[in-house]
Amino acid sequence: MDAASILARITGPTRPRIPGRTVLVFAHPDDETLACGALLPRLEDVTIVHVTDGAPRNGEDARRRGFATPADYAAARRNELRAAMALAGVPGDRVTCLGVPDQGAAFALAEIARRLVPILDGADVAVTHAYEGGHPDHDAVCWAVHGALGLVSAPRPALVEAPLYRLGPDGGWLRQTFAEEEGVAILRVTEAERELKRGMVAAHASQSRTLAHFTVSDEPFRLAPTPDFGSLPNGGALLYEQYGWGLTGGQWLELAADAARALRQERAA
């Protein structure tokens, strides 16, 4: 399937199946549900990769949700994910986790990219996060996917990106919209797809308070541009700096530059 037809097929009103091998790479369990829950049942050969296990190691999120340890919290999120994917018809053996700590992906950019290479190699389509300054793990996964594709043998998969959230000009959250409209295609969900997606969202029970802020909405996609990872996304307005999610913009630029140098050295070797 050529790149030009991918978005038309994804958003087509007749809901055609998506042939070939599709790899979804997201940061946390539940990101895939929000970004493309309505699309998932139409992917004929899908692999879903979560880079993190969804459990920050400081234990605060785990305790807030009633879990004794981050490990218990991560296990619960795995079980919730299995339930959500079962609703979408995705078998458990099609879902894998790289086990990076939540809020830790930016500190392992080059390693994550290397681990993604054999997963992405031979895929027809890859879907991942947009570079939008919402959560540091989202931006890190976006970076790692682009980095991995630079190491994948040709032909490389067409890369599609999906937005989740970013900081708005009024200081609030902007959810599931791109900052620019150019090239965006929107999957307008039917009532049946909306009902399915509601069930998938509900399966992520430990995240109910967070997910309550998201509507079961249409799903926007676009063919991914090559981001300028030497500049901060969203004009430097970073949502994650407001919440203490383990990173600052300055740290991000340093980590991304270091990882880019490491991968360039490997490609040149």
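Model, not experiment: these values are computed from the prediction.

The next point concerns the packing of helix 6 (residues 136-149) against helix 9 (residues 249-268). Close contact between helix 6 and helix 9 brings their axes to 11 Å; oriented N to C, the two are set at 15°. The orientation of helix 6 relative to helix 9 falls into the category roughly parallel. Judged by the sense of rotation from one axis to the other, the crossing of helix 6 with helix 9 is right-handed. Across the interface between the two elements, D139, A140, W143 and G147 of helix 6 pack against W252, A256, A259, A260, L263 and R267 of helix 9. Partitioned by chemical class, the residues of the contact of helix 6 with helix 9 number seven nonpolar, one polar and two charged.

Across the chain, the bulk of peptide bonds are trans and the bulk of non-glycine residues have phi less than zero. Backbone torsion omega between A154 and P155 reads 0°, so that peptide bond is classified as cis. Along the chain, P155 turns up in the loop between helix 6 and strand 5 (158-162). Unlike most non-glycine residues, Q103 shows phi in positive territory, near 70°. Looking at where Q103 falls in the secondary structure, it is placed in the loop between strand 3 (95-102) and helix 5 (109-120). Assessed through its relative accessible area of 17%, Q103 is described here as buried. For N234, which is not glycine, the phi torsion reads 55° and is therefore positive. Secondary-structure assignment places N234 in the loop between strand 9 (219-223) and helix 9.

Analysis parameters
- Residues numbered from 1 in each chain as written.
- Predicted model: local features only at pLDDT ≥ 70, side-chain atom pairs only at ≥ 80, totals over all residues.
- Heavy atoms only, no water.
- Axes fitted to C-alpha atoms, helices over the stretch in contact; angles between N-to-C directions.
- Helix = DSSP H or I, 4+ residues; strand = E, 2+ residues; numbered from the N terminus.
- Parallel < 35°, antiparallel > 145°, perpendicular 65-115°, else oblique.
- Left-handed = near helix turned anticlockwise from the far one by under 90°.
- Contact = heavy atoms within 4.5 Å.
- Nonpolar A, V, L, I, M, F, W, Y, C, P; charged D, E, K, R; others polar.
- Buried < 20%, exposed > 50% of the residue type's maximum accessible area, 1.4 Å probe, protein only.

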